[in-house]
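Each chain, letter by letter, is given below.
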Amino acid sequence: MQYEDDGGDLYIPSNIRKRHEIVDGIGTPEVKIIVTSSIIGLVIGIFIYIFQHQMFTLLLPPAMGFLFSYVFARKDRYNQSTMDKLQLLKKFQNEQKRYCYKYRSIYEKDVRNGKTKRRVDSESSQ
């Protein structure tokens with residue numbers, strides 16, 4: 001069976017991920033981030049445990065590292081993580097916003113004609 005090349009572009013449907021994911025929204029890079037933060041949390045927990053000798057202090061930092069990295073690294077169906085969304089929000093808030101419009105009130109009089117703007121607008125539309 002032979003396939004003919006029609007020369008057309010390949011159609012890729014929207015919201016289809018092009019990468020392999022282990023769990024929905026978590027691929028290999030996200031797993032690396034989650035494991036690294038959990039290991040760093042475990043090291044911090046061990047140092048805290050050495051001084052305080054409480055099991056809770058040994059388990060809390062790795063659990064918090066796992067949870068925070070899971071929340072911030074996991075990508076949604078639009079391929080954006082929470083960190084990406086926060087960066088976009090910061091960029092949007094820092095941009096200059098221009099609103100190009102002129103204020104017009106239908107109740108104020110037009111100085112040139114001595115008529116209300118509502119009458120002027122209705123006469124011009126006829």
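Parameters and conventions
Residues numbered from 1 in each chain as written. Predicted model: local features only at pLDDT ≥ 70, side-chain atom pairs only at ≥ 80, totals over all residues. Heavy atoms only, no water. Helix = DSSP H or I, 4+ residues; strand = E, 2+ residues; numbered from the N terminus. Buried < 20%, exposed > 50% of the residue type's maximum accessible area, 1.4 Å probe, protein only. Contact = heavy atoms within 4.5 Å. Areas by Shrake-Rupley, 256 points an atom, 1.4 Å probe, with all protein chains shown as cover. Salt bridge = Lys/Arg side-chain N within 4 Å of Asp/Glu carboxyl O. Phe/Tyr/Trp six-rings, centres within 6.5 Å; stacked < 30°, edge-to-face > 60°. pLDDT = per-residue confidence, 0-100. Axes fitted to C-alpha atoms, helices over the stretch in contact; angles between N-to-C directions. Parallel < 35°, antiparallel > 145°, perpendicular 65-115°, else oblique. Left-handed = near helix turned anticlockwise from the far one by under 90°. Nonpolar A, V, L, I, M, F, W, Y, C, P; charged D, E, K, R; others polar.

Chemist: Is there a simple way to think about the overall build of the chain in this case?
Modeler: Of regular secondary structure, the chain possesses four helices and two strands. Tracing the chain from N to C terminus, the helices and strands come up as β-β-α-α-α-α. Across the 126 residues in the chain, those meeting the buried criterion constitute 17%. Contacts spanning at least 24 positions in sequence make up 32% of the contacts within the chain whose residues lie at least 6 apart. When the accessible surface of the chain is split by element, carbon and sulfur atoms take 59% of a total near 11500 Å².

Chemist: Would you mind going over the pattern of salt bridges with me for this structure?
Modeler: For side chains of opposite charge, pairing can occur when their charged atoms come near one another. Applying the stated criterion across every chain yields a total of one salt bridge. For Asp 84, the salt bridge is made with Lys 75, and the minimal N-O distance between the two is 4.0 Å.

Chemist: Explain the packing of aromatic side chains to me, please; I cannot follow it from the model alone.
Modeler: A ring pair, where both rings are aromatic, is described by two values, the distance of the centres and the angle of the planes. Tallied over the full model, the rule gives one aromatic pair. Aromatic pair Phe 66 and Tyr 70: ring centres 6.2 Å apart, planes at 20°, arrangement stacked. Placement of the pair is Phe 66 and Tyr 70 together in helix α2 (residues 55–73), with a separation of four residues, close to one helical turn.

Chemist: Before we go on, may I ask you to explain unusual backbone geometry in this structure?
Modeler: Most peptide bonds take the trans configuration, and most residues that are not glycine carry a negative phi. The phi dihedral of His 53 falls on the positive side, at around 55°, and the residue is not glycine. Relative to the helices and strands, His 53 resides in the loop between α1 (28–52) and α2.

Chemist: Where do I start with the environment of Lys 85 in this structure?
Modeler: Relative to the elements of secondary structure, Lys 85 occurs in helix α3 (residues 82–94). Separated by 13 residues in sequence, Lys 85 and Phe 72 have C-alpha atoms that sit 9.6 Å apart. Leave out the neighbours within four places in its chain, and Lys 85 touches Asp 76 and Gln 80.

Chemist: Please clarify how the side chain of Ser 38 should be interpreted in this entry.
Modeler: Relative to the helices and strands, Ser 38 resides in helix α1. Taking relative accessible area as the criterion, Ser 38 reaches 18% and is therefore assigned buried. Among all residues touching Ser 38, those that are not within four sequence positions of it are Pro 62 and Phe 66.

Chemist: Would you explain the confidence of the model for the chain in this entry?
Modeler: For the chain, per-residue confidence averages 77 on the pLDDT scale, and residues scoring 70 or more make up 72% of the total. The spread of mean pLDDT over the elements of the chain runs between helix α4 (residues 117–125), the lowest at 48, and α3, the highest at 89. Confidence drops under a pLDDT of 50 for residues 119–126, and excluding neighbours within four residues, the segment shows four contacts in the predicted structure.

Chemist: Before we go on, may I ask you to explain the packing of α1 against α2 in this structure?
Modeler: How two helices sit against one another is set out by the angle between their axes and by the gap between those axes. It is the contact of α1 with α2, at a shortest axis distance of 7 Å, that shows an interaxial angle of 160°. In terms of their interaxial angle, α1 and α2 are classed as roughly antiparallel. Considering only the axes of α1 and α2, their crossing is right-handed. Looking at the contact of α1 with α2, its residues break down into 14 nonpolar, eight polar and one charged.

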